[in-house]
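Residue-level listing of the chains:
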Amino acid sequence: MKRKTKLIHGGRPFDPHTGAVSVPIYQVSTYKQDDVGVHKGYEYSRTGNPTRDALEAYIADLEEGERGFAFSSGMAATHAVLSLLNAGDHLIVTDDVYGGTYRIVTKVLSRLGLEADFVDTTDTDEIENALRPNTKAIFVETPTNPLLKVTDLAAVSQLAKAKGLLLIVDNTFGTPYWQTPLTLGADIVLHSATKYLGGHSDVVAGLAVVADGQVGEKLHFVQNAVGAVLGPQDSWLVMRGLKTLGLRMEAHEENARAIVASLAVNPAVGRIYYPGLADHPQHELAKRQARGFGGMISFDVGSAEKAAEVIRRLNYFTLAESLGAVESLISVPARMTHASIPKERREQLGITDGLLRISVGIEDAEDLVADLEQALR
Ligand SMILES: *Cc1c(COP(=O)(O)O)cnc(C)c1O
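Remember, it's a predicted structure, so these values are computed and weren't measured experimentally.

> Could you clarify how one ought to interpret the overall build of the protein in this entry?
Looking only at helices and strands, the protein features 14 helices and 12 strands. Relative to the 2.2 N^0.38 estimate, which gives 21 Å for 377 residues, the radius of gyration of the protein is 21 Å and therefore close to what a compact globule would have. Over its C-alpha atoms, taken along the principal directions, the protein stretches across nearly 75 × 50 × 35 Å. Per-residue burial for the protein yields a buried fraction of 54% across its 377 residues.

Right, here's the structure in full:
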C-alpha cells in the first residue's frame, strides 16, 4: 500500500462496531460487564477506549510498528517512554533537542536518578564516546529544531543494537509521511501530534510507536499506570488531521522549496538552514534517509533588531510558538523556544539572536515569497 493510500485505509479505517467510516467519539469512562471480569475488551477508558484504540492502531500502521500509544501531549509521550528506564540508567540525547525534552531530562527525570549526556548525534563517534557502562538508551531528534541537523538513524541504530541500547527517535519534524525511523532500526518513535499530525493548531497530543511487542507491553503498563492518556475527542481530531497528512506535507514542502529559493538570493539573509539545500552539512544523508525535507526553515538576518523588524512587517506569518499547522508561523528561537538556554551556549550551537524560524504553511507560495521579500526589504 502506498503512503497516501495508507493514510486513508491504514489502521482501522472504520468503526468495527457500527461500520461508521469516521470512527465515533466514544465519550465514555467505563463499560458494562456481562459478568465479573467478562467484558467486550474495554473496562475503563484510562486502560483502553475505542476511539483512542483506533488512533493507536492507525499511527502504529503509519510508522510500520507493532503497537501505538496516544498521550495527552508530546511531553507526556516522552515522559512515558523515558519511564521505561530506571534510576541509575544513563541516556544519550541529541544536543539540539526540543527544549521541553531538555527540561524534562535535566529538571525532572534527573531528580529521579536518570543520568543524561547531550551530544551532537550527527556525529556517531560522539555518541560512542559518551557511552558509559550504565547507558541504556539513545534519544535522537532528527531533523532538529531550529537548526535542522540530521542524524544518521541507520548508523546510530547499528551502534545501539551492538551495545543493547534502546533507540528512541522523536519524529515530530519528519512525520511518517517523510521518514519511518522504525524501518531504519529504531525501537521507539515519538511524536508531538500537536504539530504536523494534528496539523490544524487545534489539539495538543502525543504519540509513541514501538517496534517490539514486549516493549509495547511495558509501555502500555506505564501508560495505564501513569494515566496521561489522550481523550476520545482529541483522539478523533488527530485522526481527522492525519487523513490529509500526505496532501499537507507535499504542500508544506513545495512552499518551503519556493521560499528557500527566494531567501538564497536575498542579500538581507545570511545563513539558511534547510536539509534540502545542497550546502546543508547532511544534505546527502537527508536525501537517503527521508522521502522529503519538510516544511521547517531557519535563517539568519543578523541581529535581534532586524529579526523583530522583519516579523513586524510580515502579513502571512503569525508570530507564535508551535509548528506544523496549515498556517505559516514564525518565531525567534533565541527569545522564544530556546530562551532558557544560556546565550553563550546558544551562540555555540548557532542559535543567534538574528535567527528566525518559519513553519511554512499551505498558503499560496507566491504570497508567502512576496510577503517575506517585502518584509526583508
Ligand atoms: C512540540 C514538540 C514536543 C512536545 O510536544 P507537546 O505536544 O508540545 O507536548 C516534542 N518534540 C518536538 C520536536 C516538538 O516540536
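> Quick question: what am I supposed to make of the environment of Met239 here?
Counting through the fold element by element, Met239 comes out in helix 9 (residues 232-242). Classification of Met239 as buried rests on a relative accessible area of 7%. Setting aside chain neighbours within four positions, we find Met239 in contact with Val23, Thr51, Ala54, Leu55 and Tyr58.

> Just to check I follow, could you spell out the side chain of His338 for this structure?
Position of His338 among the secondary structure elements: in the loop between strand 11 (329-331) and helix 13 (343-349). Discounting residues that sit within four places of it in the chain, His338 has contacts with Asn145, Pro146, Pro333, Arg346 and Ile351.

> Please clarify how the site of the ligand should be interpreted in this entry.
Taken together, Ser73, Gly74, Met75, Tyr98, Glu141, Asp170, Thr172, Ser192, Thr194, Lys195, Ala205 and Leu323 are the residues near the ligand. Separating an oxygen atom of the ligand from a backbone N or O atom of Met75 is a distance of 2.9 Å. The contact in question runs from an oxygen atom of the ligand to an N or O atom on the side chain of Thr194, over 2.6 Å. The protein chains hide 92% of the 380 Å² of surface that the ligand would expose on its own. Residues of the shell around the ligand, tallied by class, amount to four nonpolar, five polar and three charged.

> Explanation requested: the pairing of strand 1 (residues 67-71) in the structure shown.
The side chains of a regular strand alternate between both faces of the sheet. Counted residue by residue, strand 1 has four buried out of five residues, so it is predominantly covered. Bridging between strand 1 and strand 7 (residues 206-210) involves five bridges; their strand directions are antiparallel. By the bridge assignment for strand 7, Phe71 is matched with Gly206.

> Explanation requested: the nonpolar core in the structure shown.
Nonpolar side chains tend toward joint burial in soluble globular proteins. Residues Leu55, Ile138, Leu167, Leu207, Val238, Leu242 and Leu245 are the most contacted members of the largest nonpolar core, which totals 51 residues. The element that contributes the greatest number of residues to this core is helix 2 (residues 50-62), accounting for six residues. Three or more residues apiece are contributed to this core by two domains, here domain 1 (3-242) and domain 2 (246-376). Excluding its chain neighbours within four sequence positions, the residues that come into contact with Leu55 are Ala70, Leu207, Leu230, Ser235, Val238, Met239 and Leu242. Leu263, Ile297, Ala307 and Leu372 belong to the second-largest nonpolar core, a separate cluster that totals 30 residues.

> Looking at this structure, I do not really get the packing of aromatic side chains. What am I missing?
Describing an aromatic ring pair means giving the distance of the ring centres and the angle of the ring planes. Tallied over the full model, the rule gives four aromatic pairs. Considering the side-chain rings of Tyr31 and Tyr42, the 5.5 Å spacing of their centres and the 35 degrees angle between planes classify their relative orientation as tilted. One end of the pair, Tyr31, is in the loop between helix 1 (3-9) and helix 2; the other, Tyr42, is in the loop between helix 1 and helix 2, and 11 residues separate them in sequence. Judged on exposure class, the residue Tyr31 and its partner Tyr42 are both buried. Taking 4.8 Å as the distance between ring centres and 55 degrees as the angle between the ring planes, the aromatic pair formed by Tyr102 and Phe118 counts as tilted.

> Explanation requested: the packing of helix 10 (residues 245-264) against helix 14 (residues 365-376) in the structure shown.
The geometry of a pair of packed helices is captured by two quantities: the angle between their axes and the separation between those axes. At a closest axis distance of 9 Å, the pairing of helix 10 and helix 14 adopts a crossing angle of 30 degrees. When the axes of helix 10 and helix 14 are compared, the pair comes out roughly parallel. Our pair here, helix 10 against helix 14, has a crossing hand that is right-handed. For the pair helix 10 and helix 14, contact is made by Asn255, Ala258, Ile259, Ser262 and Leu263 and by Ala365, Leu368, Val369, Leu372, Glu373 and Leu376, respectively. Looking at the contact of helix 10 with helix 14, its residues break down into eight nonpolar, two polar and one charged.

> It is not clear to me how a negative patch on the surface should be interpreted in this structure. Could you clarify?
A cluster of like negative charges, contributed by Asp123, Asp125, Glu126 and Glu128, occupies part of the molecular surface. Summarising the element assignment, Asp123 is placed in the loop between strand 3 (115-119) and helix 5 (124-130).

> I tried to follow the sheet that holds strand 8 (residues 272-273) on my own but got confused; where do I start?
Sheets are built from strands paired through backbone hydrogen bonds, the pairs being either parallel or antiparallel. The sheet built from five strands is open, its strands ordered 8-9-12-11-10 with mixed pairing. Taken across any chain shown, the strands that pair with only one partner, and hence form the sheet edges, are strand 8 and strand 10 (318-319). Each of strand 8, strand 9 (296-300) and strand 12 (355-359) is contacted by helix 10, which is oriented at about 10 degrees to strand 9, the strand it contacts most.

> How should I be thinking about the pattern of salt bridges in this particular structure?
Once the charged atoms of two side chains with opposite charge are near each other, the side chains can pair. One pass over the structure, following the stated rule, counts 18 salt bridges. Salt-bridge contacts for Arg257 lead to Glu253; the nearest nitrogen and oxygen are separated by 2.9 Å. Taken together, the positions of Arg257 and Glu253, both in helix 10 and four residues apart, correspond to about one turn of that helix. Measuring nitrogen to oxygen at the nearest pair gives 3.8 Å for the salt bridge that ties Arg346 to Asp353. On the basis of relative accessibility, which here comes to 9%, the residue Arg346 falls in the buried class. Residues joined in a network through salt bridges with shared partners are Lys343, Arg346, Glu347 and Asp353.

What counts and how
Residues numbered from 1 in each chain as written. Predicted model: local features only at pLDDT ≥ 70, side-chain atom pairs only at ≥ 80, totals over all residues. Heavy atoms only, no water. Helix = DSSP H or I, 4+ residues; strand = E, 2+ residues; numbered from the N terminus. Rg over C-alpha atoms; globule rule 2.2 N^0.38 Å. Buried < 20%, exposed > 50% of the residue type's maximum accessible area, 1.4 Å probe, protein only. Contact = heavy atoms within 4.5 Å. Near = heavy atom within 4 Å. Polar contact = N/O pair within 3.5 Å; in protein donor to acceptor, adjacent residues only side chain to side chain. Areas by Shrake-Rupley, 256 points an atom, 1.4 Å probe, with all protein chains shown as cover. Nonpolar A, V, L, I, M, F, W, Y, C, P; charged D, E, K, R; others polar. Pairing = 2+ DSSP bridges. Core = buried A, V, L, I, M, F, W, Y, C linked by side-chain atoms within 4.5 Å. Domains from an automatic or database assignment. Phe/Tyr/Trp six-rings, centres within 6.5 Å; stacked < 30°, edge-to-face > 60°. Axes fitted to C-alpha atoms, helices over the stretch in contact; angles between N-to-C directions. Parallel < 35°, antiparallel > 145°, perpendicular 65-115°, else oblique. Left-handed = near helix turned anticlockwise from the far one by under 90°. Patch = residues over 30% accessible without salt bridge, like charges linked within 9 Å, V, L, I, M, F, W, Y side chains within 5 Å. Salt bridge = Lys/Arg side-chain N within 4 Å of Asp/Glu carboxyl O. Lys, Arg positive; Asp, Glu negative; His and termini not counted. Charge placed at Lys NZ, Arg CZ, Asp CG, Glu CD.

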